[in-house]
Amino acid sequence: MSGHRNKALPRRSARVFLSTGQKITLALGLFAVLVGLVLFTTGTLQVLVDISLTFYGCIMLLKAVLFVASLQVRGSSPATPPLSINDPDLPTYTALVPLYREAQILPALVYNLSQLQYPKHRLQVLLLLEEDDTETLLEAQIMDLPDNFEIIVAPGIPQGQARMNQPKGKPRALNIGLARATGVFSVIYDAEDRPDPDQLLKAVAEFRKDQKGTVACVQARLQFWNEDTSWVTRFYWAEYVVHFVYNLAGLAKLNLVPPLGGTSNHFRTEVLRKIAFPQSEFPALPGGTDAAYGWDSYNVTEDAELAGALAMYGYDIKIIDSVTYEEATSRVRVADGQRRRWLKGYLQTGLVYTRQPVRTARQMGPVKWFCFNLLMLGTPFSLMLNPIYWGLTIAYFVTRVAGYTDGSQAIEQLFPTPVFYTGVALLLVGNLLLFLQLVTACLDREGYGSVKYMLLAPFWWIFTSWSAYRVLFELARRKTRYTWHKTEHGHDILKESEVRLETTRKNTLDTV
Amino acid sequence: MATATLDRDPMVISPPQRDKTVRWVALVASLLSVASFTYFFQKGVILAYKDGISHLEIASRTLNNPSGGMSFAQLGGVWLPLPHLLSLPFVWIDPLYFNGFAGSIVSMVAYVITSALLYKIVVDLTGHKLAGIVGALVFMLNPNVLYMQSTPMTELLLFACMAGMVYGAQRWIKTDRFGYLIGAGLAGLAGCLTRYEAWVLFAVLTVLIGIMGWRSKFEGRKIEGTVIAFAIIGGIAISGWMLWNLIIFGNPLSFQVGEYAKPSLWVGSGEPSLGHPLVALRTYTIATVSNLWLPIAVLAVIGLIGYIVRERLSAHSLPVLSLLTLFPFFVFALYSGQRPLHVEQISGDLYNVRFGLLMVLPAAVLIGYLSSLLTSRIYTQMASVVIIGFVVMFGLWTATDTSNVVTLKEPVVALDTSYSTDSSEASAYLKEHYEGGLVLMESFGNELVLFEAGIPTGANLYEGSYQLWEPALAHPAGSDIQWIVMRHTDQPDEVYTTLDGSPELDGYTLAFQNNSYYVFEEKP
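Predicted, not measured: the structure shown is a model, and the values here were computed from it. (Residues numbered from 1 in each chain as written. Chains lettered and ligands numbered in written order. Predicted model: local features only at pLDDT ≥ 70, side-chain atom pairs only at ≥ 80, totals over all residues. Heavy atoms only, no water.)

Undergrad: Break down the overall build of chain A for me, citing the residues and quoting the values.
TA: Along the backbone of chain A there are 16 helices and 8 strands. Relative to a compact globule of 512 residues, whose C-alpha radius of gyration would be 24 Å, chain A shows 24 Å and is just as compact. Taken along its principal axes, the extent of the C-alpha atoms in chain A is 80 × 55 × 50 Å. Counting only residues that meet the buried cut, chain A has 57% of its 512 residues in that class. Restricting the contact set of chain A to residue pairs at least 6 apart, pairs at least 24 apart contribute 83%. The average position of the 51 basic charges and that of the 46 acidic charges among the side chains of chain A differ by 7 Å. (Helix = DSSP H or I, 4+ residues; strand = E, 2+ residues; numbered from the N terminus. Rg over C-alpha atoms; globule rule 2.2 N^0.38 Å. Buried < 20%, exposed > 50% of the residue type's maximum accessible area, 1.4 Å probe, protein only. Contact = heavy atoms within 4.5 Å. Lys, Arg positive; Asp, Glu negative; His and termini not counted. Charge placed at Lys NZ, Arg CZ, Asp CG, Glu CD.)

Given below as structure tokens:
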């Protein structure tokens, strides 16, 4: 690997929520707004409206550009074909599979990973379990695992240690796994994942295409397979298509920073170790357990943070034409938790990469830095702003129709004519584009039955805004700041495993 | 499961080999567009249609009105808003507003787009570039089209949207690439925000999308998904417009039943077509032939026969046929009194005769198609030369005497009435004496006065001036009104009916009067 920006800023974790500089900036900003509201109420509100509309404009422009760029990807170059499994030069590979309370779907996982087309002697599968998850541990130990599977147990956190000092969860397990990975390349899979069987061969082919050695990660596309379980899964599914097929592909095409998905990202293992956090960022693991700190254990979207780190160190991320099928939650409560984790993680990541904005921007490249942070901070902020503008629009028309002209005139004052037109255009065009993206996603991936559900998009957007506001409360409370909302999986997988078992039995009987 | 690959990507809508001829078609259309605008501009007939001026005024009021602040409400609730919105970037520049170019530019761009799309529709149907050129030329060289594309009227924008809908639907069923369907839906969305005729075509195409899918043996859920997707995209415009009407005017159907929208405003009980289907049919047929020219109309009918016989109502052929559904729609609209249309042969005058111009789109495609039917290349070329010759002859015939351009003849005749003369006199007076201040004048029926007087829309208090109109009408002096203009014909305006003889006029002097107008000026 070529040495890329080895003198980069050291990575900083999200253990510190706000740096001193950020606290001062935030306090000064809030103070200025409060003073402004007291002394020049209308003027201050007008400035806030101007800022928020500029922000909306940037987000909309970025999404539109990404969408167009993603189409160019599809219209221009053919996907990299997978290598042959008989290629004698296939490198060693490590699959890191963090598991927590996944005993039920362990058999399905083992089956799915066994389907990967790769020489077994070159594929190391590390099942990363938690010491306190005795059920999964027991299930893994009694299962007849293939020879290339290993069980790694992350030590439990001694009782009495503050959660703050001892982060737990997927990134910590990955760090422990990384210390034991022997593969030239590493990939992460979640418990419910069903990667395309030739995904590893495609990933290696993509890495081989990289003559300059700057590509440190290739991301496979994630797609939910249970699209039609409920209206929630339909929206999850459509959003994933928009995220992976349009946004991430567009970001990669424009050589920007695609925030990685939580699974199916393939790395050059050496790079992960090279850009690892200094050990001092995290407390020592119990029992002197080894770890290589590739992922931020304090960040609940450690994958997105890692994408920023790779960019900061001068590495590129590519998207490959391979799919990993996942299970979308069908329950609103679970979806809310997952959404909160994503949004919270994005905020954490954005705050980390804006601690030293000038230096980070210089190192990452100003455009990359701006777009990355626009997505990280802009995604949750736009969800928080949306209800305010919807509310203003409704309030304006209600007061106008009802004859409470003082109300409608007060709102009018916030929008001088040019600002008003900009705002209306952004409101109409922005929402229309987002809606069209969802419909397009349904047609694009043959989710025809989901098209009509997209009419419920406004309710879905309200739901996501609700989650975004809950994130604010979580971040404000030290106790919940690093809470990882685990997404429950497995019901549909179990049903399918049973069906598969029955089919196998039937086939066996038929053969006999 | 589907994955994205280059050769079978449903989203990629670019054809494998780009047809560069379409660029030449667009270039020629652009040159024709500029040339015809210049020609009609020199003749002084760009703004011959009163409606053209109204469109400009609506756009201008959106930016410049006495209410100030938010003024999207100025878009009103009768005419659909897209043409006005598209002219906003130009309408604030006074010279472009007053010479009409701010509205004409929208029509001109739409003309070029329609020409290119018609070429592509025919080439896609026939595989013959020459046929595509013939089809495009039938449209491009039609003098009525050339005149209408020079005006701020909304027909050309509608044509572009209709052509977009048809092309998108046709390519979708041919390639099974849904990107085209999205494109057709977006064209439908734009069309449904341009003119109400597009609502009809959009509804017809929605049904046809399902039939096309069924005839192409798509599975049921795919048909359902595509029909719903198409319907949703275009339906946003229709439902959005109804919501707009509800919010601004308190009735979602205000565009149909509102004070300034009732068909009874235009359709009198003595309309020849009203309640007489055969007269309605004959009226619309004459209007169509007047716009197309008889030889072109005959060729189109022959082309239609060839099209149906040859294509046997295949899925691929249905979108073009959808354009023809506007013919029975208009016949029904005339019969039921929803739309007025007069032709000289039946009513002795011309009114809305441009409605017949809609048939130029199917005519262009069908004649292009007809030229491709001759199997021998030499015969195709000969047929094309003959058809182009016809089209050019029609152009020359009308160019020698613009009264042969029926869409121009109608407003020119209308301008030659005593009312128009009165209106122009009132305008001329105001132009000479108006030096600023608010003008109280109803807009409906008086559009020409304000525009020709060169008074900015921001100085006119009219029936759409939110919360200002009623107080000004009740007490003009209290609203700082300096000028009051009222129409006192047999169809007097609201200013006249409210203020005539009222003591509220005591503070004003009658500065000008003729057979149609009174103009009052505030006493010093």
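Undergrad: Could you give an account of the sheet that holds strand β1 (residues 438-440) of chain B, naming the residues involved and the relevant values?
TA: Residues and elements named next belong to chain B. Reading across from one edge, β2-β1-β3-β5-β4 is the order of the 5 strands in this open sheet, with mixed pairing throughout. This sheet does not close on itself; its edge strands, each paired only once, are β2 (460-461) and β4 (508-513). Sheet topology places β1 next to β2; 2 bridges connect them, and they run parallel. Its bridge partner lying in β2, L440 is registered against L461. (Pairing = 2+ DSSP bridges.)

Undergrad: Just give me the short version of the nonpolar core, but keep the residues and values in it.
TA: Grouped together as the largest cluster of nonpolar side chains are 237 residues, with contacts concentrated most on L310 of chain A together with F139 of chain B. With near-sequence residues (within four places) excluded, L310 of chain A lies in contact with A216, C217, F267, V271, I275, Y315 and I317 of chain A. Core analysis: the next-biggest nonpolar cluster, separate from the first, contains 35 residues, A95, L99, A205 and V215 of chain A among them. (Core = buried A, V, L, I, M, F, W, Y, C linked by side-chain atoms within 4.5 Å.)

Undergrad: I'd like to hear about a negative patch on the surface, residue by residue, with values.
TA: Residues and elements named next belong to chain B. On the surface, a cluster of negative charge is contributed by E435, D480, E521 and E522. Structurally, D480 can be placed in the loop between α24 (469-474) and β3 (481-487). The exposure class assigned to D480 is exposed, which follows from its relative accessible area of 56%. (Patch = residues over 30% accessible without salt bridge, like charges linked within 9 Å, V, L, I, M, F, W, Y side chains within 5 Å. Areas by Shrake-Rupley, 256 points an atom, 1.4 Å probe, with all protein chains shown as cover. Salt bridge = Lys/Arg side-chain N within 4 Å of Asp/Glu carboxyl O.)

Undergrad: Run through the pairing of strand β7 (residues 265-268) of chain A, naming residues and quoting values.
TA: Residues and elements named next belong to chain A. Burial along β7 is two-sided: the residues N265 and F267 and H266 and R268 are all buried. The pairing of strand β4 (residues 185-188) with β7 spans 3 bridges and is classified as antiparallel. Bridging across to β7, F185 finds its partner in R268.

Undergrad: Let's hear about the domain arrangement of chain B: which residues, and what values?
TA: All names here are of chain B. Domain parsing of chain B yields domain 1 (21-410) and domain 2 (418-522). Each of domain 1 and domain 2 has a C-alpha centre, and these two points are 36 Å apart. At the interface, 17 residues of domain 1 touch 23 residues of domain 2. Of the roughly 1800 Å² buried where domain 1 meets domain 2, counting both sides, 60% is carbon and sulfur surface. Connecting domain 1 to domain 2 are 0 salt bridges. Across the domain 1-domain 2 interface, the total number found is 6 residue pairs in polar contact (both at pLDDT 80 or more). Counting only elements with at least two residues in the side of domain 1 that touches domain 2, the list comes to α2 (50-63) and α5 (94-99). When residues in the side of domain 1 that touches domain 2 are grouped by element, the largest group, 7 residues, is from α2. Class assignment for the residues of the side of domain 1 that touches domain 2 results in 8 nonpolar, 6 polar and 3 charged. (Domains from an automatic or database assignment. Buried area = accessible area lost by both parts, 1.4 Å probe. Polar contact = N/O pair within 3.5 Å; in protein donor to acceptor, adjacent residues only side chain to side chain. Nonpolar A, V, L, I, M, F, W, Y, C, P; charged D, E, K, R; others polar.)

Undergrad: Go over the side chain of E57 of chain B with me, naming the residues and quoting the values.
TA: Residue and element names in this part refer to chain B. Within the secondary structure layout, E57 lies in helix α2. On the basis of relative accessible area, E57 is assigned to the buried category, the value being 1%. When sequence neighbours within four positions are dropped, the list of residues in contact with E57 reads Y97, S443, E447, L450, F451 and T457.

Undergrad: I'd like a rundown of the packing of helix α11 (residues 197-215) of chain B against helix α12 (residues 220-249) of chain B, residues and numbers included.
TA: Residues and elements named next belong to chain B. Between α11 and α12, whose axes approach to 9 Å, the crossing angle comes to 170°. The orientation of α11 with respect to α12, classified from their angle, is roughly antiparallel. In this structure, α11 contributes W199, F202, L205, T206, I209, G210, G213 and W214 to the contact, and α12 contributes I223, T226, V227, F230, A231, G234, G235, I238 and W241. Tallied by class, residues from the contact of α11 with α12 come to 11 nonpolar, 6 polar and no charged. (Axes fitted to C-alpha atoms, helices over the stretch in contact; angles between N-to-C directions. Parallel < 35°, antiparallel > 145°, perpendicular 65-115°, else oblique.)

Undergrad: Can you tell me about the confidence of the model for chain A, naming the residues and giving the values?
TA: Looking at chain A as a whole, its pLDDT mean stands at 87, while 90% of the residues score no less than 70. Note on residues 497-512 of chain A: pLDDT is under 50 here. Beyond four places in sequence and across chains, it has 3 contacts. (pLDDT = per-residue confidence, 0-100.)

Undergrad: So what about the packing of aromatic side chains? Which residues, and what values?
TA: Geometrically, a pair of aromatic rings is defined through the distance of the ring centres and the angle of the planes. Residues and elements named next belong to chain A. Under the counting rule described, the total for this entry stands at 49 aromatic pairs over all chains. Consider the rings of F277 and F282, whose centres lie 5.3 Å apart with planes at 90°: the pair is edge-to-face. Judged by its relative accessible area of 6%, F282 is buried. An aromatic cluster is defined as three or more aromatic residues linked by ring pairs; in this entry it consists of F224, W231, F235, Y236, Y240, F244, W342, W460 and F463. When the ring centre of W225 is taken as reference, the NZ or CZ atom of R194 above it lies at 4.1 Å. Over the face of the ring belonging to Y236 we find R339, whose NZ or CZ atom lies 5.5 Å from the ring centre. (Phe/Tyr/Trp six-rings, centres within 6.5 Å; stacked < 30°, edge-to-face > 60°. Lys NZ or Arg CZ within 6 Å of the ring centre and 35° of its normal.)

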